[in-house]
Amino acid sequence: MGRFAFVNRLAPLLRKLVGLLTRVRLPTDPVPATWPEVVDRRVPLIARLPSADQERLYHVMQLFLKEVPFEACGGLVWRDEIQLTIAAQACLLLLNMPYPRYSRVRRVLVYPAAFMPKTQHSYRSNQLVVPDEPAAGQAWQSGVVVLGWEEVKDGAIAANDGRNVVFHEFAHMLDAEDGTLDGLPVLDSRATYHTWVEQWSAQFAEHVRRVDAEESTVLDPYGATNRAEFFAVAIEAFFETPDDLRRDQPRLYSLLAEFFKFDPASLLRADSRGAA
């Protein structure tokens, strides 16, 4: 690796270390009384969390909603439950991570449903192209996340199908924290990067092989498009179908559990025991 490439890769790590030293304290303000009812109804995955984790999630949401503006687009009639539904899912990814994250998120635009974006970044050509079909969501390197509300609602309710547009687009925002969308997020330590790159590359290559061979896979085949999309669809599966992912690709599951400091499979086991 050249000196300038090394500096570019080291810079986000240094920012991360500075962030750890200046870690933001979560608010202690009371959580609005309406939040738990809305989140439980719209995002059933959150109800599986222990009460202490739910409380922490709501405080992360308080910071997130204070820092990130939302905007209704395309005639969407705005309601508080829209931003609560999105924020709950976006912040679930951050539950056990030090705050702040999503350093590049500047704004969230919400359309009534799938939308026809004017431009879309092509990771292969590194150019902006005109899309030919509606999108459920987009994440721009400029820091804008665009979502269709109908797809957000459906993805949140169907909490075990491995597809969730909020998880997908905010996974891209975690990936983009170092300035590039390449499936390599900002990690906790410099020593971790070599292991991540080596093992993540092997997991991506295996997914591409299976998709090309038309083999079944827990991950959405779209993840074979490039490393950025692989990172996003892997996160969707990690949070929505963790048992399946852990059985099918245990090393991939372990990498994500280390990154998020979270074990959603154990959450499902505890939930099933409580229902017994």
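What counts, and where the lines are drawn
- Residues numbered from 1 in each chain as written.
- Predicted model: local features only at pLDDT ≥ 70, side-chain atom pairs only at ≥ 80, totals over all residues.
- Heavy atoms only, no water.
- Pairing = 2+ DSSP bridges.
- Helix = DSSP H or I, 4+ residues; strand = E, 2+ residues; numbered from the N terminus.
- Right-handed = clockwise from strand over helix to strand, strands pointing away.
- Buried < 20%, exposed > 50% of the residue type's maximum accessible area, 1.4 Å probe, protein only.
- Arc of directions from axis to C-beta.
- Contact = heavy atoms within 4.5 Å.
- Axes fitted to C-alpha atoms, helices over the stretch in contact; angles between N-to-C directions.
- Polar contact = N/O pair within 3.5 Å; in protein donor to acceptor, adjacent residues only side chain to side chain.
- Parallel < 35°, antiparallel > 145°, perpendicular 65-115°, else oblique.

Enquirer: Account for the pairing of strand 2 (residues 107-111), naming residues and giving values.
Expert: Relative to strand 2, strand 1 (residues 70-72) is paired through three bridges, and the arrangement is parallel. Among the inter-strand pairings, Ala-72 is bridged to a residue of strand 2, identified as Val-110. Regarding the hand of the β-α-β motif, the stretch spanning strand 1, helix 5 (residues 80-92) and strand 2 is left-handed. Pairing between strand 2 and strand 6 (residues 144-148): five bridges, direction parallel. Pairing of Leu-109 across the sheet is with Val-146, part of strand 6.

Enquirer: Could you give me a rundown of helix 2 (residues 35-42), with the residues and numbers involved?
Expert: Taken together, the buried positions of helix 2 are Trp-35, Val-38, Val-39 and Arg-42. Along helix 2, the residues classed as buried sweep out an arc of 95 degrees about the axis, all on the same side. Of the surrounding secondary structure, the elements contacted by the buried residues of helix 2 are helix 3 (44-47), helix 4 (51-67), helix 5 and helix 6 (149-157).

Enquirer: Go over the sheet that holds strand 5 (residues 137-139) with me, naming the residues and quoting the values.
Expert: Here four strands make up an open sheet; going across it, the order is 1-2-6-5 and the pairing mixed. The two strands at the open ends of the sheet, each matched to only one other strand, are strand 1 and strand 5. Within the sheet, the average angular offset between the axes of one strand and its neighbour, ignoring direction, is 15 degrees. The pairing of strand 5 with strand 6 spans three bridges and is classified as antiparallel. Note on strand 6: the bridge partner recorded for Gln-138 is Val-146.

Enquirer: Can you break down the side chain of Arg-210 residue by residue, with the values?
Expert: Here Arg-210 is to be found in helix 8 (residues 190-212). Separated by 2.9 Å, the side chain of Arg-210 and the backbone oxygen of Ser-216 make a polar contact. Apart from the residues within four sequence positions on either side, Arg-210 is in contact with Glu-215, Ser-216, Thr-217, Asp-248 and Gln-249.

Enquirer: Break down the packing of helix 9 (residues 227-240) against helix 11 (residues 250-260) for me, citing the residues and quoting the values.
Expert: Two elements in contact, helix 9 and helix 11, have axes separated by 11 Å at closest approach and are oriented at 85 degrees. Classified by the angle between their axes, helix 9 and helix 11 sit roughly perpendicular to one another. Residues Phe-230, Phe-231, Ala-234, Ile-235, Phe-238 and Phe-239 of helix 9 lie in contact with helix 11, whose contacting residues are Leu-252, Tyr-253, Leu-256, Ala-257, Phe-259 and Phe-260.

Enquirer: Outline unusual backbone geometry, supporting the account with residue identities and numerical values.
Expert: At the junction of Tyr-99 and Pro-100, the peptide bond is cis and its omega measures out at 10 degrees in the coordinates. Turning to its location among the elements, Pro-100 is positioned in the loop between helix 5 and strand 2. Positive phi, normally seen in glycine, also occurs at Tyr-102, with a value near 55 degrees. Along the chain, the position of Tyr-102 falls in the loop between helix 5 and strand 2. Even without being a glycine, Lys-261 presents a positive backbone phi close to 55 degrees. Residue position: Lys-261 is located in the loop between helix 11 and helix 12 (264-275). When its relative accessible area of 34% is taken as the criterion, Lys-261 is described as partly exposed.

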